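The lines below spell out each chain.
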Number of protein chains: 2
Amino acid sequence: MNTPQITHVAIVDDHLLFASSLEKLINSFNGFQVIFKAENGVDLGSKIREAVRLSQILLLDINMPVMNGFETMKWLKEQHPEMKVLALSMDDNELYILRMLKEGARGYFLKDIHPSELEKAMVTVRDKGFYYSESVTEVMVNALHGDGPELDPSFRDVEIQFIRLACTERTYKEIAEELKLSPKTIDGYRQDLFKRLGIRNRVGLVMYAIKHKIIDIHSHDPKSHP
Amino acid sequence: MNTPQITHVAIVDDHLLFASSLEKLINSFNGFQVIFKAENGVDLGSKIREAVRLSQILLLDINMPVMNGFETMKWLKEQHPEMKVLALSMDDNELYILRMLKEGARGYFLKDIHPSELEKAMVTVRDKGFYYSESVTEVMVNALHGDGPELDPSFRDVEIQFIRLACTERTYKEIAEELKLSPKTIDGYRQDLFKRLGIRNRVGLVMYAIKHKIIDIHSHDPKSHP
DNA sequence: AAATACCATAGGAATTTTCCTGTTTTTTCA
DNA sequence: TGAAAAAACAGGAAAATTCCTATGGTATTT
């Protein structure tokens, strides 16, 4: 045999402990080496640029507060569609899976998989370019059959902003002021969203936003209100 | 030097990938060895029993669905108060920290700490019996000074039921029917809770319930409603 | 047994949310 | 450039939420 080719791997996860631990695990796999990991969400953009340039496989956590996995994936798809990205998540939410796959992820893993499956997956991704586990495949089939959840309701930027504000204690009037729009326009957004999402009231919107990670819960506020 | 003593460590985390990775990391620390890890949440009780018997330090994840870290910690405190437990969490929520420390955890770490701090912590725990990071200490001081969040606001059963229902799309009238109470009574609960929790409206209540895990989000419903 | 605290309930009213049906303005695109 | 689509905006009204204060019943305490 000649010199074995080493596959370079990048890890993007804001949980430093997990990232570092995962690094050790992957380095113990045959033929793989972690050459980069993002330590936190701040200025992830530039770091990813470097990771992309240097590595062949990227392990991407989707539960990140600053620039979340979806946005990152979207950016990657546009900038580096050839990059082999494996999505890592704690949630087996079908919406997440479909969203990431749609954005071009080559695989999707829950953080409770067995390490040996991860190794198998990485080998497969290196050799074939993708790896979809049984459970992920099942989700895709469901989606095609239409009995899965609605994929990608796709919101506009203002709508996202509105939803985020609707998840606070602000009244619609206050939201309108914040967005410098007429209260009636806000009411229009609300009504439209209620219809599209099949919900009855603001609580439904809040729950939707949380389940679909439009807002994130982890209150990283350093002593905000008095 | 004589034979170095090896400290045995157990990991209880339902994220197998994280647990396995963490194992590698800890084994790379000098003088520590992971001798046990719980693979999933099912029947965690008996496994913990074994872990406790064999190990000196236990790394306990608090974000577990089946038997969560709080319950596990409580059980450990009663059954094995001598066990050195380090709590691991993704959340820096002060409530969690205080709750775990109150239950007897010897330390509390976010999953985004630097591996070297974990090593330092484990050495300290082994030698001194506890390790509180600066941030955790700060939370404790705040709690003592009373300017931290209210620990354990302690709700009555009806209040918990009301809060849960308030997180759905039901109107208060419907909630009243569901709980077989007068709408005016429900309004009383609402008003009382708003005052106690310092919130303005129902959205505030929903957010509170989520942040304090009164309801849980992860809709693990396998195709429940038609 | 009286005082106290707590709970369920109520009337009434201001505010906010929700819904329905429009018009005007801006953007898109054939 | 002219038509169509999308977005912003409005009037008006019913329903729900929020807020205030108050009362009778029951359990607890002293």
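Residues numbered from 1 in each chain as written. Chains lettered and ligands numbered in written order. Predicted model: local features only at pLDDT ≥ 70, side-chain atom pairs only at ≥ 80, totals over all residues. Heavy atoms only, no water.

**Let's talk about the relation of the copies chain B and chain A**
Thinking step 1. Once chain B has been moved 0.2 Å along the axis and rotated by 179°, it coincides with chain A to within an RMSD of 2.2 Å. Here the two chains are linked by the operation of a two-fold rotation axis. Taking C-alpha positions as the reference, the residue of chain B nearest the rotation axis is B:Ser21, at 2.0 Å.
Thinking step 2. The share of interface residues of chain B whose copies in chain A are also at the interface is 100%, consistent with both copies meeting through the same surface. (Least-squares fit on C-alpha atoms with pLDDT ≥ 70 in both. Contact = heavy atoms within 4.5 Å.)

**Structural notes on the protein's contact with DNA strand D**
Thinking step 1. The local shell around DNA strand D holds 15 residues, among which A:Ser182, A:Thr185, A:Tyr189, B:Tyr172 and B:Arg202 are the closest.
Thinking step 2. Here, DNA strand D places atoms within 4 Å of the protein, and 62% of those atoms are sugar or phosphate.
Thinking step 3. For DNA strand D, a phosphate oxygen lies 3.4 Å from a polar atom in the side chain of A:Arg156.
Thinking step 4. The contact in question runs from a phosphate oxygen of DNA strand D to an N or O atom on the side chain of A:Ser182, over 2.8 Å.
Thinking step 5. Elements supplying a minimum of two residues to the surface near DNA strand D: helix 9 (183-197) of chain A together with helix 9 (183-197) of chain B.
Thinking step 6. Ranked by residue count, the leading element in the surface near DNA strand D is helix 9 of chain B, at four residues.
Thinking step 7. When the residues that make up the surface near DNA strand D are grouped by side-chain class, the tally is four nonpolar, five polar and six charged. (Near = heavy atom within 4 Å. Polar contact = N/O pair within 3.5 Å; in protein donor to acceptor, adjacent residues only side chain to side chain. Helix = DSSP H or I, 4+ residues; strand = E, 2+ residues; numbered from the N terminus. Nonpolar A, V, L, I, M, F, W, Y, C, P; charged D, E, K, R; others polar.)

**A word on the pattern of salt bridges**
Thinking step 1. Applying the stated criterion across every chain yields a total of 14 salt bridges over all chains.
Thinking step 2. Ionic pairing is found between B:Arg196 and B:Asp192, a salt bridge with its closest N-O pair at 3.1 Å. Highlighted residues: B:Arg196 and B:Asp192, both in helix 9, separated by four residues, approximately one helical turn.
Thinking step 3. According to the relative accessible area criterion, B:Asp192 is partly exposed, its value standing at 36%.
Thinking step 4. Via salt bridges that share partners, A:Arg156, A:Glu159, A:Asp192 and A:Arg196 belong to a single interconnected network. (Salt bridge = Lys/Arg side-chain N within 4 Å of Asp/Glu carboxyl O. Buried < 20%, exposed > 50% of the residue type's maximum accessible area, 1.4 Å probe, protein only.)

**Examining the interface of chain B and chain A**
Thinking step 1. Each partner contributes residues to the interface: chain B has 46 residues there, and chain A has 47 residues.
Thinking step 2. Together, B:Leu17, B:Met90 and B:Glu169 form the three largest contributors to the area buried by chain B at its contact with chain A, with a combined 18%.
Thinking step 3. Scanning the region where chain B abuts chain A turns up two salt bridges.
Thinking step 4. Of the charged contacts, one joins B:Glu174 and A:Arg200 as a salt bridge, the two residues approaching to 3.2 Å between their closest N and O atoms.
Thinking step 5. Where chain B touches chain A, the interface holds eight residue pairs in polar contact (both at pLDDT 80 or more). (Buried area = accessible area lost by both parts, 1.4 Å probe.)

**Observations regarding the nonpolar core**
Thinking step 1. Counting 51 residues, the largest nonpolar core has A:Phe162 and B:Phe162 as the members making the most contacts within it.
Thinking step 2. At the level of elements, helix 7 (157-166), helix 8 (172-179), helix 9 and helix 10 (202-211) of chain A together with helix 7 (157-166), helix 8 (172-178), helix 9 and helix 10 (202-211) of chain B are the ones that each hand at least two residues to this core.
Thinking step 3. With sequence-adjacent residues up to four places away left out, A:Phe162 is seen in contact with A:Tyr172, A:Ile175, A:Leu179, A:Ile186, A:Tyr189, A:Arg190, A:Leu193 and A:Leu205.
Thinking step 4. If you look at the next biggest cluster of nonpolar residues, it comprises 44 residues, including A:Ala19, A:Leu86, B:Leu17 and B:Tyr131. (Core = buried A, V, L, I, M, F, W, Y, C linked by side-chain atoms within 4.5 Å.)

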